[in-house]
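Structural overview
Spelled out, the chains give:
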Amino acid sequence: MTEAVELPTQDLKGRDWLTTEDWSDAEIDTALDLAATLKAQFKAGVTTLHLPHKTAFLIFFDKSTRTRNSFEAGITQLGGHAHFIDSETSQIAHGESAKDMGIILSSYGHGIAIRHDLVPGEGQAYMREVAKWAEVPVINMQCDVDHPCQTLADLMTIREEFGPNLRGRKVAVSWAYAPSYMKPMSVPQGLLMLMSRCGMDVVLAHPPEYGLMPEVMEKAVANAHKHDVKLEVVDNMAEAFEDADVVYPKSWGCLDLFHDPDEAMHLAARYKDWTCTGELMKLTKKDSIYMHCLPADRGYEVTDAVIDGPHSRIYPEAENRLHTAKALMALTM
Ligand code: CP
């Protein structure tokens with residue numbers, strides 16, 4: 001079945017999606033509404049060719065399962081095509097500049113999406129430099145500061161669970177221990193910036209060394225003030241989980257130690273007890289949901305009983321990456 005669906009607006013054509021902070025509340029609602037429509041149409045088998053024959057270039061400086069595949073599948077379903085560009089096997093590895101990438105890829109296609117998340121101070125700056133020179137929209141597929149595609153899908157998942165009016169609800173974002181690798185700070189940072197605009201009270205829990213970037217905290221505090229919600233920082237998971245509607249415990253690296261992975265993992269090992277357990281979930285509301293952007297370190301960040309249990313919404317959350325990626329591409333490209 002094919003349906004020629006009008007996009008809700010043309011106003012976002014050509015716009016970059018570099019942080020959620022760059023889009024107004026109304027523009028984020030537009031993206032979420034379109035994502036919900038595209039999700040229903042996907043499930044109904046409706047063909048939605050909003051981007052026929054258009055090309056998106058996907059540049060990855062880091063690994064990915066959900067992001068790469070949601071963008072590749074998403075643009076195919078919109079009638080277009082994606083090119084995967086690996087920073088290690090393209091001329092980026094020989095120093096090709098952000099300016100050249102922006103100008104040249106703009107001349108070949110219709111959108112550029114970038115993941116550059118592992119080094120604080122680099123990813124967002126790289127994307128802004130590409131965007132400065134590109135004549136097509138640039139989408140942030142995760143940088144050092146924000147993971148706006150993830151947090152948009154997270155907000156979609158929370159609204160599906162609790163409805164659009166989230167006022168009075170509580171979301172707990174917590175650090176958790178992971179031995180696998182030093183995970184970027186962009187998911188908790190993106191959550192703090194976006195969730196503080198949604199009517200929910202926000203609690204951030206972390207050991208003392210795991211504070212977020214000061215400029216991100218300033219934005220979250222300003223958002224909370226503007227939207228008349230509470231924003232608290234605590235130093236233990238139990239306090240954060242108390243009466244929470246949404247819990248989002250995950251690991252991230254220490255800002256001062258990204259240059260020294262061995263020391264970073266040594267520090268993290270001091271906090272092995274920061275695990276999301278069934279006991280902690282008992283402190284939350286009865287109908288609370290557990291979220292994680294994935295991949296999760298099972299048995300460390302979270303027990304199997306929680307991540308596979310009744311509170312877990314990890315799979316709808318991951319699924320919503322597809323629908324939100326399609327909405328962002330359809331609106332901007
Ligand atoms: N959550 C997320 O961005 O997953 P990937 O790293 O697999 O893309």
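What counts and what doesn't
Residues numbered from 1 in each chain as written. Predicted model: local features only at pLDDT ≥ 70, side-chain atom pairs only at ≥ 80, totals over all residues. Heavy atoms only, no water. Domains from an automatic or database assignment. Contact = heavy atoms within 4.5 Å. Buried area = accessible area lost by both parts, 1.4 Å probe. Salt bridge = Lys/Arg side-chain N within 4 Å of Asp/Glu carboxyl O. Helix = DSSP H or I, 4+ residues; strand = E, 2+ residues; numbered from the N terminus. Expected span 1.5 Å × (residues − 1). Buried < 20%, exposed > 50% of the residue type's maximum accessible area, 1.4 Å probe, protein only. Arc of directions from axis to C-beta.

Turning next to the domain arrangement of the protein. Assigned domains of the protein: these are domain 1 (20-147 + 321-332) and domain 2 (148-317). Averaged C-alpha coordinates put domain 1 and domain 2 at centres separated by 24 Å. The partner domain 2 presents 30 residues to the 29 residues of domain 1 that form the contact. Between domain 1 and domain 2 lies a buried interface of about 2,600 Å² when both sides are counted; carbon and sulfur atoms form 60% of it. Where domain 1 packs against domain 2, one counts three salt bridges.

Along the chain, Asp62 falls in the loop between strand 1 (55-60) and helix 2 (66-77). For Asp62 and Val302, which are 240 residues apart along the polypeptide, the C-alpha to C-alpha distance reads 24 Å. Non-local contacts of Asp62, meaning those with residues more than four positions away in its chain, are made with Arg115, Asp117 and Leu118.

Its 13 residues give helix 7 (residues 214-226) an end-to-end C-alpha distance of 18 Å, which sits within 8% of 18 Å, the value for a rise of 1.5 Å per residue. Here helix 7 has its buried residues at Val216, Met217, Ala220, Asn223 and Ala224. One face of helix 7 carries all of its buried residues, which in axial projection span an arc of 125 degrees. Those residues of helix 7 that are exposed and angled more than 90 degrees off the buried face are Pro214, Glu218, His225 and Lys226. Buried residues belonging to helix 7 abut helix 6 (186-195), strand 6 (201-205) and strand 7 (231-234).

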